Each structure stands twice: as C-alpha cells, then as structure tokens.
Amino acid sequence: IEEALAAEPNSPAYHDTAGVIYMKMGQLEKAQGHLQAALARVPDHAEMQLHVALLYEKQGLQNDALKIAENLMAQPGELTPDGFEDLRKLVERLRR
C-alpha cells in the first residue's frame, strides 16, 4: 500500500486502506493519520467514517465512536452489507 500511496498520495481509497491495515496491526497513530487524510478528501464517505469509528473504539474513545456509529445507522444504505454488519456489531459493543 505504501507504494500505491507514493504513486497516488492524494488517493482517499489508498489512505483508507492503509489506515485499516495499520489499525489491524495495532499501529493506531499511523492508522489515524491515514484515515484522517482519507476523510479530509471525502468527508461523507460512510465506509471511511465507519473505519474512523472502529479506530476510536480501539483508542478508547467510545463516545466519539458511538456518535459516528449512530449517525451511520441513520443511513444504512450508504454501507456495504458487510460494512453494515460491522456497524451493527460496533453499536452493540458500544452500548453495553
């Protein structure tokens, strides 16, 4: 992904993918930088917003994660079926 970003440093999709990869690797600061870069370019992108909510959950920012997640629940058609299922599970975890 780093090679792709070097070739297209303004690609929101590449930044989002890098953010998700770094998040899964536990490198949350790097993940946050890439996810913020992605959302700066396409702020209304539901999947990218979901990724930020998942990151916030990992960072212990449950209230921030829940705020994003609840907003996304109001527009379920914007997410892929897998994304909506991830969102549903996130909201369930955050509301406990």
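The residue numbering used here restarts from 1 in each chain and proceeds along that chain's sequence as written. Only residues with pLDDT of at least 70 get local features here, since the model is predicted, and only at 80 or more are side-chain atom pairs given and counted; chain-wide, interface and lining totals rely on the full set of residues. In computing side-chain values, all of the structure's heavy atoms are included and hydrogens and water are not.

S.K.: I'd love a proper account of helix 6 (residues 81–94), names of residues and values included.
M.R.: Helix and strand assignments come from DSSP, with helices taken as H or I runs of at least 4 residues and strands as E runs of at least 2, each series counted from the N terminus. By this rule, a helix spans an expected 1.5 Å times one less than how many residues it contains. With 14 residues, helix 6 should cover 20 Å at 1.5 Å per step; its first-to-last C-alpha distance of 20 Å lies within 8% of that length. Buried within helix 6 we find Gly83, Leu87, Leu90, Val91 and Leu94. Take helix 6 and look down its axis: the buried residues cluster within an arc of 95°, on one side only. More than 90 degrees from the buried face of helix 6, the exposed residues found are Pro81 and Asp82. Should any heavy atoms of two residues lie within 4.5 Å, those residues are considered in contact. On the buried face of helix 6, the contacting elements are helix 4 (46–58) and helix 5 (62–73). Partly exposed residues are those whose accessible area sits between 20% and 50% of the maximum for their type, while under 20% is buried and over 50% is exposed, using a 1.4 Å probe and protein chains only. Think of the arc as the fan of directions from the helix axis to the C-beta atoms.

S.K.: I'd like to hear about the nonpolar core, residue by residue, with values.
M.R.: Counting 25 residues, the largest nonpolar core has Leu50, Leu72, Leu87 and Leu90 as its most contacted members. The set of elements that each furnish at least two residues to this core consists of helix 2 (12–24), helix 3 (28–41), helix 4, helix 5 and helix 6. At seven residues, helix 4 tops the list of elements feeding residues into this core. Once residues lying within four places of it in the same chain are set aside, the contact partners of leucine 87 are Leu50, Ala69, Leu72, Met73 and Leu79. Throughout this description, the term nonpolar core refers to a set of buried Ala, Val, Leu, Ile, Met, Phe, Trp, Tyr and Cys residues connected via side-chain atoms within 4.5 Å.

S.K.: Which residues make up the environment of glycine 33, and what values do they have?
M.R.: For glycine 33, the location among the structural elements is in helix 3. In the structure, glycine 33 is positioned 32 residues away from isoleucine 1 in sequence and 14 Å away in space, judged by C-alpha atoms.

S.K.: Can you explain the confidence of the model for the protein chain? Please cite residues and give values.
M.R.: Averaged over every residue, the pLDDT of the protein chain is 96; residues scoring 70 or more account for 100%. pLDDT runs from 0 to 100 and stands for how confident the predictor is about each residue. When mean pLDDT is taken per element in the protein chain, helix 4 scores highest with 98 and helix 1 (residues 2–7) scores lowest with 92.

S.K.: Could you give an account of the environment of leucine 90, with specific residues and numbers?
M.R.: The topology assignment puts leucine 90 in helix 6. For the pair leucine 90 and leucine 66, spaced 24 residues apart in sequence, the C-alpha to C-alpha distance is 8.2 Å. Excluding residues that lie within four positions of it along the chain, leucine 90 makes contacts with Leu50, Ala53, Leu54, Glu57 and Ala69.

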